[in-house]
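Next come the chains, spelled out residue by residue.
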Amino acid sequence: MTPHATDRHRRPAAGHYINRDHTVTGTATQLANIVANHRTAGTLVALTRPRPVGDRFQVTLRLREYQPSTRISSVGEYARTRVQRRPRRARIAVIVTTITGTIAGAAAVAAYLIGQLVEFIAAHVGQLLGVLAMAAIIAAAAARRSFTNRRHCPGC
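Residues numbered from 1 in each chain as written. Predicted model: local features only at pLDDT ≥ 70, side-chain atom pairs only at ≥ 80, totals over all residues. Heavy atoms only, no water.

Draft legend 1. Spatial organisation of the overall build of the chain. The secondary structure content of the chain amounts to three helices and seven strands. When its helices and strands are written in sequence order, the chain yields β-β-α-β-β-β-β-β-α-α. Out of the 156 residues in the chain, the part that is buried amounts to 11%. Of the accessible surface of the chain, which amounts to about 13100 Å², a share of 61% is contributed by carbon and sulfur atoms. (Helix = DSSP H or I, 4+ residues; strand = E, 2+ residues; numbered from the N terminus. Buried < 20%, exposed > 50% of the residue type's maximum accessible area, 1.4 Å probe, protein only. Areas by Shrake-Rupley, 256 points an atom, 1.4 Å probe, with all protein chains shown as cover.)

Okay, structure coming up:
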């Protein structure tokens, strides 16, 4: 189905309904579903008779659509659309949520890495204790030799 919209009426003041024409092409079943849906929704104003287009049909629907309001404030001789900013509470909520999420993510990463370190130490505790014992023996021998300044035997 291929809809095409054209404005046939001037746009009314903001926040009102407007009638807009839509050209829809599809099978007979598809067009019947579209018409039934808009009739049920209360948006169907009028429709044309189906026209054959190849193996499909084409109708033009006039639908009643809501035109949302736009705030306008005039500045000098030019009118500009006023941009609505988020209220202060909403901005603070966004900032607090962002900071809280970042801190929670950093804490989760730190907890994961500490868990990996504990798991590594638990898996290799024997080898680590062996290396530490050898380092302690070598350090003790080096400390004993450097403080006494003795030769290899007492008579020398």
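Draft legend 2. Region of interest: the nonpolar core. Listed in full, the seven residues of the largest apolar core are Val24, Leu31, Ile34, Val35, Val59, Leu61 and Leu63. Once you skip the residues sitting within four places of it in the chain, leucine 31 turns out to touch Val24, Thr25, Gly26, Phe57, Gln58 and Val59. (Core = buried A, V, L, I, M, F, W, Y, C linked by side-chain atoms within 4.5 Å. Contact = heavy atoms within 4.5 Å.)

Draft legend 3. The arrangement of the pattern of salt bridges in detail. In the structure shown here, the tally under the stated rule is two salt bridges. One salt bridge in this structure joins glutamate 65 and arginine 20, with 3.4 Å as the shortest N-O distance. Here glutamate 65, found in strand S5 (residues 56-66), pairs with arginine 20, found in strand S2 (residues 17-26); they are 45 residues apart in sequence, far enough to count as distant. On the accessibility criterion, glutamate 65 (21% relative accessible area) is partly exposed. Ionic pairing is found between arginine 62 and aspartate 21, a salt bridge with its closest N-O pair at 2.7 Å. Residue arginine 62 is found in strand S5, and its partner aspartate 21 is found in strand S2; the two are separated by 41 residues along the sequence. Of the residues examined, arginine 62 reaches a relative accessible area of 26% and is grouped as partly exposed. Accessibility expressed as a relative area gives 4% for aspartate 21, which makes it buried. (Salt bridge = Lys/Arg side-chain N within 4 Å of Asp/Glu carboxyl O.)

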